[in-house]
Amino acid sequence: MYRYIFILIPLLCACKPNAETVQKKSGLSVEKKIISRTIHDEMSPLGFWEIKIEYPTFGDSTKNPALKTINNEISSLAEKYLCDDNKGDKQFIATITFLNPSIVSIQYSDSWLCAGMPHPDGKIGALTYNVKTGKAFILDEEINAIKKNDFSQNVIAKLNQSLKENGNDSDCGQVSTWSHFYRTDTGLTFVYTPDDYSESYCTSETQISTKDMGVYLNKTSPLLIQ
């Protein structure tokens, strides 16, 4: 009986900014929360389970309700999928892709293998928050109404082109939407990932520059702020 090795989809390594640069640019303090546990259990192939959780926290949440909301939501997301009685392997890693005084964007990878499961499960995702309100951005509310159809078709076409360039279009079929987005220093990245973890090789991503996003977003959208 073999232990499964968790493979973090390499989207997480592409846009991680330097912590000092992030803090200087945003004016917010950023700390990394790390939870690491080893649980001894005979049901584990190696005699123990491992839990590793890492995610950023922002500012002094006791003085800022918006930051408290953001920190609490990230914390809840990190521990959303846990095995009963911690009987299983768990790895959650969230990293900052963009942070300024108006918005914070993170992406994350979550994977778990509970006792009795035939194979690991997991997901990747991203969230972008309004730093001043603590609310997650709903992209549909930020897109100019008359541009929504053109925008959607553009992103889907780019995602399908990405699949084709990676040689996965014949195995994965056509993408009809995106799963999540996140902000970077250069623009917005859109990601499609299948619901089935075993088909993670069908993940596709594309980026639209901040300049080009200006054609689609409402002029007052904080997502355009550099």
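Residues numbered from 1 in each chain as written. Predicted model: local features only at pLDDT ≥ 70, side-chain atom pairs only at ≥ 80, totals over all residues. Heavy atoms only, no water.

Participant: Looking at this structure, how should I read the packing of aromatic side chains?
Facilitator: Each aromatic ring pair is summarised here by two numbers: the centre-to-centre distance and the angle between the ring planes. Scanning the model with the defined rule gives 7 aromatic pairs in all. Centroid distance tyrosine 81 to tryptophan 112: 4.4 Å. Interplanar angle 10°. Geometry classified as stacked. Of this pair, tyrosine 81 sits in the loop between helix H2 (65-78) and strand E3 (88-99) while tryptophan 112 sits in strand E4 (residues 103-114), placing them 31 residues apart in sequence. By relative accessible area, tyrosine 81 is classed as partly exposed at 27%. Summarising the aromatic geometry, the rings of tryptophan 178 and phenylalanine 190 are spaced 5.6 Å apart at their centres and angled 70° between planes, so their arrangement reads as edge-to-face. On the criterion of sequence distance, the pair formed by tryptophan 178 in the loop between helix H5 (169-172) and strand E6 (180-183) and phenylalanine 190 in strand E7 (residues 187-192) is long-range, its members being 12 residues apart. In textbook terms, an aromatic cluster arises when at least three aromatic residues are bridged by ring pairs, as seen for Phe151, Trp178, Phe181, Phe190 and Tyr216. (Phe/Tyr/Trp six-rings, centres within 6.5 Å; stacked < 30°, edge-to-face > 60°. Helix = DSSP H or I, 4+ residues; strand = E, 2+ residues; numbered from the N terminus. Buried < 20%, exposed > 50% of the residue type's maximum accessible area, 1.4 Å probe, protein only.)

Participant: Is there a simple way to think about helix H4 (residues 148-165) in this case?
Facilitator: What sets the pattern is the α-helix's 3.6 residues per turn: residues three or four places apart point alike. Between its terminal C-alpha atoms H4 stretches 26 Å, which fits the 26 Å expected from 18 residues at 1.5 Å a residue. By the burial criterion, the buried members of H4 are Phe151, Val155, Ile156, Leu159, Asn160, Ser162 and Leu163. Projected down its long axis, H4 shows its buried positions confined to an angular sector of 160°, all on one face. For H4, the exposed residues set more than 90 degrees away from the buried face come down to Lys164 and Glu165. Glycine 167 sits one or two positions beyond H4 and adopts a positive phi of about 75°. (Expected span 1.5 Å × (residues − 1). Arc of directions from axis to C-beta.)

Participant: How should I be thinking about the sheet that holds strand E8 (residues 204-209) in this particular structure?
Facilitator: What links the strands of a sheet is backbone hydrogen bonding, and the strands pair in either a parallel or an antiparallel sense. Ordered by their spatial adjacency, 3 strands build an open sheet running E6-E7-E8, and the pairing between neighbours is antiparallel. The sheet is open, and its two borders are formed by E6 and E8, each paired with just one other strand. Each strand of the sheet is rotated relative to its neighbour by a mean of 20°, with strand direction disregarded. By the bridge criterion, 6 bridges tie E7 to E8 in an arrangement that is antiparallel. Looking at E8, one finds that valine 191 is bridged to glutamate 205. Contacting E7 and E8, H4 crosses the sheet at an angle of about 130° to E8. (Pairing = 2+ DSSP bridges. Axes fitted to C-alpha atoms, helices over the stretch in contact; angles between N-to-C directions. Contact = heavy atoms within 4.5 Å.)

Limitation: the analysis is restricted to geometry and does not speak to function.
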